[in-house]
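What the coordinates show
Below are the chains, spelled out letter by letter.
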Amino acid sequence: MNQFVFGSQWGDEGKGKIVDFLAAKADYTVRFHGGNNAGHTVIVGGKKYPFHLMPSGILNKKTIGIIGNGVIIDPEVLIKEIKQLQDEGMNVTKKLIISPRCHLIMPYHKALDEAYENARGKNKLGTTKRGIGPTFADKVSYNGIRLYELFSLVHFEEKFRFQAGIKNKILTLFGVAPIDVEKELEKFKEYRRILAPYVIDTFPLLMQASEKKKNILFEGAHGVMLDVDWGLYPYCTGSNVITGGINTGSGLPANKIDKIWAVVKAYTTRVGEGPVPTEFDDEVAHTIREQGHEYGTTTGRPRRIGWLDLEAVKFACQVTGANCLAITKTDILTGIKKIKVCTGYKLNGNKIPYSSCGYIELAKVEPIYKTFNGWKEDIHMVTKFNKLPKNCQVYLKFIEKFLKVRIKIVSTGPERERNIII
Ligand code: GDP
Ligand code: IMO
Ligand code: MG
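Residues numbered from 1 in each chain as written. Chains lettered and ligands numbered in written order. Predicted model: local features only at pLDDT ≥ 70, side-chain atom pairs only at ≥ 80, totals over all residues. Heavy atoms only, no water.

1. Thoughts on the coordination of the magnesium ion (ligand 3)
The coordination sphere of the magnesium ion (ligand 3) contains the protein donors Asp12 (OD) and Gly39 (O), at a distance range of 2.0 to 2.2 Å. Taken as a pair, aspartate 12 in the loop between strand 1 (2-7) and helix 1 (15-22) and glycine 39 in the loop between strand 2 (28-31) and strand 3 (40-44) lie far apart in primary sequence, 27 residues in all. We note that aspartate 12, like glycine 39, is buried. (Donors = N, O, S within 2.8 Å, 3.2 Å for Na, K, Ca; no water. Helix = DSSP H or I, 4+ residues; strand = E, 2+ residues; numbered from the N terminus. Buried < 20%, exposed > 50% of the residue type's maximum accessible area, 1.4 Å probe, protein only.)

See below:
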């Protein structure tokens, strides 16, 4: 069976935790888009793993990790993650396969990301400054360099020198120091040596796995509200977060996906700029941020807090074809007296769907709220849905009914085993 786990909000829904849990039965755990702007936390045996490029299911003994062609790679970050797992005794060369078609995030991409952000001033987008936008821009304007070119040093050097030369001129225009081409080239030679054993064509492997009815688990990065087409452009990321991205980013046809899991955090968080209709910033938001440790996994920035926005999540479920829900962080709402949920938007007195909104409209919409009574009981140790506090059950049932998708997992804590399975 092939499954897809995606984030239905603005990222950080708890995808890493759910992927790690579901990967217990997966033969392959696959990243297919985005880059190391992603930060997916997995907690196993009391140890915390903040993965940026490593597929989150890889800690499961029999699961092979695949980094598909749609992922963009900062080799330095990937090598760090490989080393961390090696230090813990994992034979990573037997566990990880990387598509040679992946594009490389270059030092000049990171410098450009930062230079653009600084130049935007008050209109900054709040990117992770990991070079994501500039790398995807180079990919679609045929200026990118793919991983496999690193294994043909003559081609790589020629392209790198050409691209770095142009980018350095742009950086100079921004008033930023150019990158040191020779020094960087030496670093890439070292990256090439370390990464060589992992780089193998992933397409035949996935095709065979699918034909043999193996279990493949695709891990979405980010959230649908950050999708380059369906998110709040330009307050988005550079890749397609939705189901179709599996086809472009791994080669597996979209009709081979059986289960599509929407990960829904019981409230909203956002790192970076751009409108979030249900955002609020009071004592309750502060409590949620601290209890939920809502600080960016990649950048450490405090996450903005909002009530659950079901108008946005409903859209996310529709556009991806979600057929299962995994609700996370309901435990963080324990102790909050009144919990609000947005069930629609109004603009100038009229209802307007998420799909009709750009960032200009979304900054102005008025959320329509439904308010629920909270609960006081700690739910971390609860293992059955009907043992949850009544008000908590009412809250979750409302989400399910509104979205018309069944809840299959209620996550009750960050650790692998903290789940209610329905
Ligand atoms: P991702 O980017 O979607 O993988 O999410 P992040 O890892 O960036 O952020 C989610 C955070 O919430 C991480 O620190 C997780 O360990 C934690 N987490 C995930 N699910 C739960 C849950 O049900 N309850 C609690 N308390 N924490 C959770
Ligand atoms: P995970 O996978 C939260 C946001 C950034 C910024 C915008 C563009 O952990 O859910 P980028 O660096 O991608 O060009 O930044 O996208 N963003 C994320 N926010 N979680 C993420 O990933 C994100 N990946 C990108 O904060 O607003
Ligand atoms: Mg994250």
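2. Things to note about the site of ligand 1
Around ligand 1, the surrounding shell holds 20 residues, and the nearest of these are Lys15, Thr41, Thr297, Asp331 and Ser411. Residue arginine 303 places a side-chain N or O atom 3.2 Å away from an oxygen atom belonging to ligand 1. Within the side chain of lysine 329, a nitrogen or oxygen atom sits 2.9 Å from an oxygen atom of ligand 1. Considered on its own, ligand 1 offers 580 Å² of accessible surface; in the complex 94% of this is hidden by protein. At the level of secondary structure, the elements contributing two or more residues to the shell around ligand 1 comprise helix 1 and strand 3. Residues belonging to the shell around ligand 1 are distributed by class as follows: three nonpolar, 10 polar and seven charged. The two domains that each donate at least three residues to the shell around ligand 1 are domain 1 (2-101 + 201-259) and domain 3 (263-421). (Near = heavy atom within 4 Å. Polar contact = N/O pair within 3.5 Å; in protein donor to acceptor, adjacent residues only side chain to side chain. Areas by Shrake-Rupley, 256 points an atom, 1.4 Å probe, with all protein chains shown as cover. Nonpolar A, V, L, I, M, F, W, Y, C, P; charged D, E, K, R; others polar. Domains from an automatic or database assignment.)

3. Some points on the pairing of strand 18 (residues 407-411)
The element strand 18 is largely enclosed, with a buried count of four among its five residues. With three bridges joining them, strand 18 and strand 19 (residues 419-421) adopt antiparallel strand pairing. The residue bridging valine 410 from the neighbouring strand is isoleucine 420, located in strand 19. (Pairing = 2+ DSSP bridges.)

4. Side note on the domain arrangement of the protein chain
Looking at the protein chain, the domain boundaries give domain 1 (2-101 + 201-259), domain 2 (103-195) and domain 3 (263-421). A separation of 23 Å is found between the C-alpha centroids of domain 1 and domain 3. The interface of domain 1 with domain 3 comprises 41 residues on the first partner and 44 residues on the second. For the domain 1 and domain 3 pair, buried surface summed over both sides reaches about 3300 Å², with 63% attributable to carbon and sulfur atoms. Across the pair arginine 416 and aspartate 20 runs a salt bridge, and its minimum N-O distance is 2.8 Å. (Contact = heavy atoms within 4.5 Å. Buried area = accessible area lost by both parts, 1.4 Å probe. Salt bridge = Lys/Arg side-chain N within 4 Å of Asp/Glu carboxyl O.)

5. A word on the packing of aromatic side chains
All told, the structure shown has 18 aromatic pairs when counted by the stated rule. Plain terms: the ring middles of tryptophan 230 and phenylalanine 315 are 5.6 Å apart, the flat faces sit at 45° to each other, and that makes the pair tilted. On the criterion of sequence distance, the pair formed by tryptophan 230 in the loop between strand 9 (216-219) and helix 8 (244-250) and phenylalanine 315 in helix 10 (residues 310-320) is long-range, its members being 85 residues apart. The ring centre of tyrosine 49 lies 5.3 Å from the NZ or CZ of lysine 47, which sits over that ring. Looking at lysine 340, its charged tip hangs above the ring of tyrosine 369, at a distance of 4.5 Å from the centre. (Phe/Tyr/Trp six-rings, centres within 6.5 Å; stacked < 30°, edge-to-face > 60°. Lys NZ or Arg CZ within 6 Å of the ring centre and 35° of its normal.)

6. What to know about the nonpolar core
Counting 75 residues, the largest nonpolar core has Leu325, Tyr395 and Leu396 as its most contacted members. In terms of residue count, helix 12 (residues 390-403) provides more of this core than any other element does, seven residues in total. What leucine 325 contacts, discounting residues up to four positions off in sequence, is Trp261, Ala262, Val264, Cys317, Ile399, Glu400, Leu403, Val405, Arg406, Ile407, Lys408 and Ile409. Ranked by size, the runner-up nonpolar core spans 41 residues in total, among them Leu53, Leu96, Cys102 and Tyr198. (Core = buried A, V, L, I, M, F, W, Y, C linked by side-chain atoms within 4.5 Å.)

7. Section: the site of ligand 2
Taken together, 22 residues are adjacent to ligand 2, and Lys15, His40, Thr128, Thr237 and Arg270 come closest. Measuring from an oxygen atom of ligand 2, one finds a side-chain N or O atom of asparagine 37 at 2.8 Å. At 3.4 Å, a backbone N or O of glycine 126 approaches an oxygen atom of ligand 2. For ligand 2, the protein covers 97% of the area, taking 550 Å² as the surface of the free molecule. Considered class by class, the residues forming the shell around ligand 2 number eight nonpolar, 10 polar and four charged.

8. A few points about the sheet that holds strand 10 (residues 259-265)
The mixed open sheet is built from nine strands, whose spatial order is 7-5-2-9-1-10-14-18-19. The sheet is open, and its two borders are formed by strand 7 (96-98) and strand 19, each paired with just one other strand. Neighbour-to-neighbour, the strand axes of this sheet turn through a mean angle of 20°, independent of strand direction. In the sheet, strand 10 pairs with strand 14 (residues 324-328) via five bridges, with the strands oriented parallel. (Axes fitted to C-alpha atoms, helices over the stretch in contact; angles between N-to-C directions.)

9. Things to note about the layout of surface pockets
Approximately 250 Å³ is the volume found for the second largest pocket. Along the walls of the second largest pocket sit Met1, Gln3, Phe21, Leu22, Lys25, Asn215, Lys259, Trp261, Lys408, Ile409, Ile421 and Ile422, which together make up its complete lining. Among the residues forming the lining of the second largest pocket, the class breakdown is seven nonpolar, two polar and three charged. Summarising the domain contributions, the lining of the second largest pocket has at least three residues from each of domain 1 (2-101 + 201-259) and domain 3 (263-421). (1 Å grid on protein atoms, 1.4 Å probe; cavity = no way out; pocket = protein on both sides within 12 Å on 5 of 7 lines; lining within 4 Å. Points joined across faces, edges and corners; volume = space filled by probe spheres on them.)

10. Side note on the packing of helix 5 (residues 153-173) against helix 6 (residues 181-195)
It is at 11 Å that the axes of helix 5 and helix 6 come closest, and there the two elements cross at 140°. Crossing of helix 5 against helix 6: the hand is right-handed. Each of Leu153, Phe156, Glu157, Phe160, Arg161, Ala164 and Asn168 in helix 5 lies in contact with helix 6, whose residues at this interface are Val181, Glu182, Glu184, Leu185, Phe188, Lys189 and Arg192. (Left-handed = near helix turned anticlockwise from the far one by under 90°.)

11. Some details on the pattern of salt bridges
Two side chains that carry opposite charge are able to pair once their charged atoms sit near each other. On inspection of all chains with the given rule, the structure shows 22 salt bridges. For glutamate 149, the salt bridge identified is with lysine 159, shortest N-O distance 2.9 Å. In this pair, glutamate 149 sits in the loop between helix 4 (132-140) and helix 5 while lysine 159 sits in helix 5, placing the two residues 10 residues apart along the sequence. You can call glutamate 149 buried: its relative accessible area is 12%. By relative accessible area, lysine 159 is classed as partly exposed at 29%. Taken together, the salt bridges that share partners define one network made up of Asp12, Lys265, Glu294, Arg303 and Lys329.

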